[in-house]
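Reading the structure
Here's the letter readout for the chains.
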Amino acid sequence: MNHSPLTSQQFEELLPLAAAWAEQQEAHILATGIPLSPSQSSDARQIGVAHPERVRLLTVPTIPTPQHPILRAAGEATELISPFTAGLTLRYGIFIRSDCDGDRFLVAHELVHTAQYERLGSISAFLRQYLHECLTLGYLNSPLEQEAILTSERLR
């Protein structure tokens, strides 16, 4: 049943490292990113983001990968962050790959993840659920990912 390349012990050891990396990346995006546009804020409210004014977008050539060797290896093994990753949400900080800048569907999809972080209460709680779902059910079968796909598609 478990398709994860990680044991539960490895998962528990990686989670605090992943949360610390996510918090560092969020702080960087909040310090250097741009606020949502009025139309993006409207989408965020429709999606259910409680605090769209806190969200910042940062356009980057490629989504950064963790430098920590164990985290990097886990990311590569799960393919959650790859050269093909178009966006990555770290609570109120969202990375957007530069060739996808201006993609309303992508930003909306990432904003659903922001709403999920808010609902789950913390970066650590979100990562625990999201990573567990992706590792055991697969990325596209993850209920949190399915929610992001379906909710953002409703805006089209």
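Quick summary incoming for the structure in this document. Everything numeric here is computed off the predicted structure, so don't read it as measured data. (Residues numbered from 1 in each chain as written. Predicted model: local features only at pLDDT ≥ 70, side-chain atom pairs only at ≥ 80, totals over all residues. Heavy atoms only, no water.)

1. Quick notes on the sheet that holds strand 1 (residues 34-35)
With mixed pairing, the four strands of this open sheet are ordered in space as 1-2-4-3. The open sheet terminates on both sides in strands that have one partner only, identified here as strand 1 and strand 3 (87-90). Taken together, the two bridges between strand 1 and strand 2 (residues 56-60) define a ladder with antiparallel strand orientation. Across the sheet, residue Ile34 finds its bridge partner in strand 2, namely Leu57. Relative to strand 3, helix 4 (residues 104-120) is tilted by about 20°, and along the sheet it contacts strand 2, strand 3 and strand 4 (93-97). (Pairing = 2+ DSSP bridges. Helix = DSSP H or I, 4+ residues; strand = E, 2+ residues; numbered from the N terminus. Contact = heavy atoms within 4.5 Å. Axes fitted to C-alpha atoms, helices over the stretch in contact; angles between N-to-C directions.)

2. Describing the side chain of Glu110
Here Glu110 is to be found in helix 4. We note that Glu110 is buried and unpaired, the nearest opposite charge coming from Arg97 at a distance of 9.9 Å. (Buried < 20%, exposed > 50% of the residue type's maximum accessible area, 1.4 Å probe, protein only. Lys, Arg positive; Asp, Glu negative; His and termini not counted. Salt bridge = Lys/Arg side-chain N within 4 Å of Asp/Glu carboxyl O.)

3. Re the pairing of strand 4
Consecutive residues of a regular strand have side chains that alternate between opposite faces of the sheet. Across the five residues that make up strand 4, a large majority, five, are buried. Burial along strand 4 is two-sided: the face carrying Gly93, Phe95 and Arg97 and the face carrying Ile94 and Ile96 are both buried. As judged from the five bridges shared by strand 2 and strand 4, these two strands associate in the parallel manner. Bridge assignment links Val60 to a residue of strand 4, and that residue is Arg97. Judged from the four bridges that link them, strand 3 and strand 4 form a sheet pairing that is antiparallel. Each bridged residue has a counterpart across the sheet, and for Thr89 the counterpart in strand 4 is Ile94. The hairpin turn running from strand 3 into strand 4, its antiparallel successor, is two residues long, and Arg91 in that turn takes a positive phi close to 60°.

4. Some points on the pattern of salt bridges
Throughout the structure, instances matching the rule amount to five salt bridges. A salt bridge links Arg104 to Asp43, with the shortest nitrogen-to-oxygen separation between them at 2.7 Å. In this pair, Arg104 is assigned in helix 4 and Asp43 in helix 2 (residues 38-47), connecting sequence segments 61 residues apart. Using a relative accessible area of 45% as the deciding quantity, one classes Arg104 as partly exposed. Using a relative accessible area of 6% as the deciding quantity, one classes Asp43 as buried. Of the charged contacts, one joins Arg97 and Asp99 as a salt bridge, the two residues approaching to 2.6 Å between their closest N and O atoms.

5. Some points on the environment of Arg72
By secondary structure assignment, the location of Arg72 is in helix 3 (residues 69-78). Arg72 sits in the partly exposed class, given a relative accessible area of 29%. Spatially, the C-alpha atoms of Arg72 and Ala18 are 9.8 Å apart, while their sequence positions differ by 54 residues. Beyond its immediate chain neighbours, meaning those up to four positions away, Arg72 contacts Thr65, Pro66 and Gln67. There is a polar contact of 3.5 Å between the side chain of Arg72 and the side chain of Thr65. (Polar contact = N/O pair within 3.5 Å; in protein donor to acceptor, adjacent residues only side chain to side chain.)

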